[in-house]
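Letter by letter, the chains look like this.
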Amino acid sequence: MSTPVNLDTIRLAPKVLLHDHLDGGLRPETIAELAAECGYADLPHDDPVALEEWFASAADSGSLELYLQTFTHTVAVMQTPEALSRVAAECAEDLAADGVVYAEVRYAPELFQERGLTLDEIVRAVQEGFRDGERRAAAAGRTIRIGTLLCAMRQNARSGEIAELAVRYRDAEVVGFDIAGPEAGFPPTRNLDAFEYLRRQNAHFTIHAGEAFGLPSIWEALQHCGAERLGHGVRIVDDIRVDDDGEVHLGRLASYVRDRRIPLEMCPSSNLQTGAAKSLAEHPIGMLARLRFRVTVNTDNRLMSHCSMSGEFAALHETFGYGWADLQWFTVNAMKSAFLGFDERLEIINDQIKPGYAALLG
Ligand SMILES: O=c1[nH]cnc2c1ncn2[C@H]1C[C@H](O)[C@@H](CO)O1
Ligand SMILES: [Zn+2]
């Protein structure tokens, strides 16, 4: 008999997460402790419970720009190697405890240089933290593997340096590159040199696009920059028309995205906060999944968006009625789209994902 689908059982299901920001997923207690240790006095609250509520409500702003302002406080307490390693280790532990078996976690190294760390010191500290967290998760009976994506911030002009950094650490579990930050006014083509360099290096990258800005940003990300995946990509629905009789028409860009199986890193809770979608029921993920786009489900920022991978799956189950077969489909989509080698992706699909869902399906 099939196991009922609810938050507790979803936690047991193997899950894959491709879009999660390291500086968007700190434990509130850790923020409070790190702030006290490093003398950061500008936290809106010292109490972790109040802090947790503050992040979720401040991020629930209706605009990406306001949402991003909340990161000032997490970034402020992540300026030493010890703090970076701790945050990374806890991230791995928390994801593993939620049943995530493979995650790609991203962050922008350039944000952690306020106290003089070099980019290499930052990457090494985070990688050590992830390895430590993977070991601690294993000791607690959970298997997780974390790949890292390095982000360049769209509003800065350091994408070349960060792309080189990602390539330098490609054999140390840095699996790719991304650009993040405010979308309007900062088209991805500003970073063309970095993307061309990455392509010459046969390196992987995704681009935040089609979140706060429409189709032109998706088109540029794919056709000018060569992105392999789209961070969010929700606005692709602007190129899909549904007639009154229900007939669906895909424009050229939407067709391209679906035909080429371009993975969409969709982050429903985050999109509700930034105004990219009005409600989960109206979120384009429903239509895009129905049309069999390569949809993946992600958290974006577990702290600001007050969510978890299991929570996102549970909300989708409640809103769209998705069952285990659908949740497995999202998970396999994500694993197929990961920036890990083909053989390693296949191993996780065959050894962890399929048996995990088979047991739940009964
Ligand atoms: O959803 C997002 N869109 C664009 N940028 C984002 C989003 N979530 C987080 N960021 C930014 C803020 C972080 O400081 C940075 C790197 O993780 O990425
Ligand atoms: Zn993001």
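All residue numbers refer to positions counted from 1 along the written sequence of the respective chain. Going through the entries in the order they are written, you letter the chains from A and number the ligands from 1. pLDDT decides what is reported in this predicted model: residues at 70 or higher carry local features, side-chain atom pairs at 80 or more are listed and counted, and totals for whole chains, interfaces and linings draw on all residues regardless. Water and hydrogen atoms play no part in the side-chain values, which are based on all heavy atoms of the structure.

Visitor: Sorry, what's going on with the overall build of the chain here?
Guide: Under the scheme used here, helices are H or I runs from DSSP no shorter than 4 residues and strands are E runs no shorter than 2 residues, and both carry numbers assigned from the N terminus. Scanning the chain from terminus to terminus reveals 16 helices and 10 strands. Throughout, radius of gyration means the C-alpha value; the globule benchmark is 2.2 Å times the number of residues raised to the power 0.38. Radius of gyration (C-alpha) of the chain: 19 Å, near the 21 Å computed for a compact globule of 362 residues. Over its C-alpha atoms, taken along the principal directions, the chain stretches across nearly 60 × 50 × 40 Å. What sets the accessible areas is the Shrake-Rupley method with a 1.4 Å probe; for residues, cover comes only from the shown protein chains. By element, 49% of the accessible surface of the chain is carried by carbon and sulfur atoms, the whole surface being about 14,400 Å². Note on charges: Lys and Arg go in the positive column, Asp and Glu in the negative column, and His and the chain ends are not counted at all. Charged side chains are reduced to one point each, which is NZ for Lys, CZ for Arg, CG for Asp and CD for Glu. Both charge centroids of the chain, one from 34 positive and one from 54 negative side chains, sit 6 Å from each other.

Visitor: Would you explain empty space enclosed by the protein in this entry?
Guide: Take a probe with the size of a water molecule and roll it over the atoms, and the empty space left behind shows itself. Within this scheme a cavity is a closed region of a 1 Å grid, computed over the protein atoms alone, that accommodates a 1.4 Å probe without allowing it to escape, whereas a pocket is open but has protein on both sides within 12 Å along at least five of seven lines; lining residues each have an atom within 4 Å of a point. Grid points are joined across faces, edges and corners, and a volume is the space filled by probe spheres set on the points. Per the counting criterion, the structure on display carries one cavity of 30 Å³ or more. Looking at the largest cavity, its volume works out to about 40 Å³. Looking at the largest cavity, the residues that line it are Gly25, Leu26, Arg27, Thr30, Val87, Glu90, Cys91 and Asp94. With four residues, the single largest contributor to the lining of the largest cavity is helix H6 (residues 81-97). Lys, Arg, Asp and Glu make up the charged group, whereas Ala, Val, Leu, Ile, Met, Phe, Trp, Tyr, Cys and Pro make up the nonpolar group; the residues left over, Gly among them, are polar. Tallied by class, the residues present in the lining of the largest cavity amount to three nonpolar, two polar and three charged.

Visitor: Where do I start with the sheet that holds strand S1 (residues 15-21) in this structure?
Guide: As a general point, the strands of a sheet are linked pairwise by backbone hydrogen bonds and lie either parallel or antiparallel. Whether two strands pair depends on DSSP finding at least two bridges between them. Reading across the sheet, the four strands line up as S1-S2-S3-S4 and stay open at both edges, with parallel pairing between neighbours. Only two strands of the sheet have a single partner each, and these edge strands are S1 and strand S4 (174-180). Pairs of neighbouring strands in the sheet enclose a mean axial angle of 25°, with direction left out of account. Bridge count for S1 against strand S2 (residues 100-107) is five bridges, and the pairing is parallel. Between the N-to-C directions of two axes lies an angle of 0 to 180 degrees, each axis being a line fitted to C-alpha atoms and, for a helix, fitted only over the stretch in contact.

Visitor: Can you help me understand the site of ligand 1 in this one?
Guide: The near set for a molecule or strand comprises every residue that places at least one heavy atom within 4 Å of it. The environment of ligand 1 is formed by 16 residues, the closest being His21, Asp23, Gly181, Glu211 and Asp300. In protein, a polar contact requires one atom able to donate a hydrogen and another able to accept it; more generally it is a pair of N or O atoms within 3.5 Å, and residues adjacent in sequence count only if both atoms are side-chain atoms. Contacts to ligand 1 include histidine 232, whose side-chain N or O atom sits 3.1 Å from an oxygen atom. Interatomic distance of 2.8 Å between a side-chain N/O atom of aspartate 300 and an oxygen atom of ligand 1. More than half of a molecule's atoms lying within 2 Å of a cavity's or pocket's grid points is what places that molecule inside it. More than half of the atoms of ligand 1 fall within 2 Å of the grid points belonging to the largest pocket.

Visitor: For this particular structure, what's the right way to read the packing of aromatic side chains?
Guide: Each aromatic ring pair is described using two quantities: the centre-to-centre distance and the angle formed by the ring planes. Within 6.5 Å between ring centres, the rings of Phe, Tyr and Trp (the latter by its six-membered ring) count as paired, and their orientation is classed by plane angle as stacked under 30 degrees, edge-to-face over 60, tilted in between. This model, assessed by the stated rule, comprises 10 aromatic pairs. Between tyrosine 107 and phenylalanine 112, the ring centres sit 6.1 Å apart and the planes meet at 35°, which makes this aromatic pair tilted. One exposure class covers both tyrosine 107 and phenylalanine 112, and it is buried. Between phenylalanine 195 and phenylalanine 205, the aromatic rings sit 4.8 Å apart at their centres with planes inclined by 25°, giving stacked as the arrangement. Relative accessibility thresholds used throughout: buried, under 20% of the residue-type maximum; exposed, over 50%; partly exposed, between the two (1.4 Å probe, protein chains only).

Visitor: Can you walk me through the environment of isoleucine 31 in this structure?
Guide: Turning to its location among the elements, isoleucine 31 is positioned in helix H2 (residues 28-38). C-alpha of isoleucine 31 to C-alpha of aspartate 343: the two residues are 312 residues apart in sequence and 38 Å apart in space.

Visitor: What is the right way to look at H2 in this model?
Guide: At 3.6 residues per turn, the α-helix brings residues three or four places apart onto the same side. All of the buried residues along H2 are Pro28, Thr30, Ile31, Ala32, Leu34 and Ala35. On its buried side, H2 packs onto helix H3 (48-59), helix H5 (71-76) and H6. Should any heavy atoms of two residues lie within 4.5 Å, those residues are counted as being in contact.

Visitor: Could you clarify how one ought to interpret unusual backbone geometry in this entry?
Guide: Leaving glycine aside, a negative phi is the common case for residues, and trans is the common case for peptide bonds. Phi angles above zero are rare outside glycine, and asparagine 202 is one such case at about 55°. With respect to the helices and strands, the residue asparagine 202 is situated in the loop between helix H9 (192-200) and strand S5 (206-209). On the accessibility criterion, asparagine 202 (63% relative accessible area) is exposed. The phi dihedral of histidine 232 falls on the positive side, at around 80°, and the residue is not glycine. Positionally, histidine 232 belongs in strand S6 (residues 229-232). We classify histidine 232 as buried; its relative accessible area is 0%.

Visitor: How do you make sense of the pattern of salt bridges when you look at a structure like this?
Guide: When the charged atoms of two side chains with opposite charge come close together, those side chains can pair. Any Lys or Arg side-chain nitrogen located within 4 Å of an Asp or Glu carboxyl oxygen qualifies as a salt bridge. Applying the stated rule across the entire model yields 22 salt bridges. Where arginine 135 meets aspartate 132, a salt bridge forms, and the shortest distance between an N and an O atom there is 3.8 Å. One end of the pair, arginine 135, and the other, aspartate 132, are both in helix H7 (residues 119-139), three residues apart, so they sit about a helical turn from each other. Arginine 135 sits in the exposed class, given a relative accessible area of 54%. Relative accessible area serves as the criterion here: at 29%, aspartate 132 is assigned to the partly exposed category. Note that aspartate 238 and arginine 235 form a salt bridge whose closest N and O atoms lie 2.7 Å from each other.

Visitor: I'm lost on the pairing of S5 in this one. Help?
Guide: Along any regular strand the residues' side chains alternate between the sheet's two faces. Where burial is concerned, the two faces of S5 agree: the one with Thr206 and His208 and the one with Ile207 and Ala209 are both buried. The pairing of S5 with S6 spans four bridges and is classified as parallel. Residue pairing in the sheet places isoleucine 207 in a bridge with leucine 230 of S6. Assessed by its sense of winding, the connection that carries the chain from S5 through helix H10 (residues 215-224) to S6 is right-handed. A crossover gets the label right-handed when its path from the first strand over the helix to the second runs clockwise, viewed with the strands pointing away from the viewer.

Without other data, these values stay purely geometric and don't point to any function.
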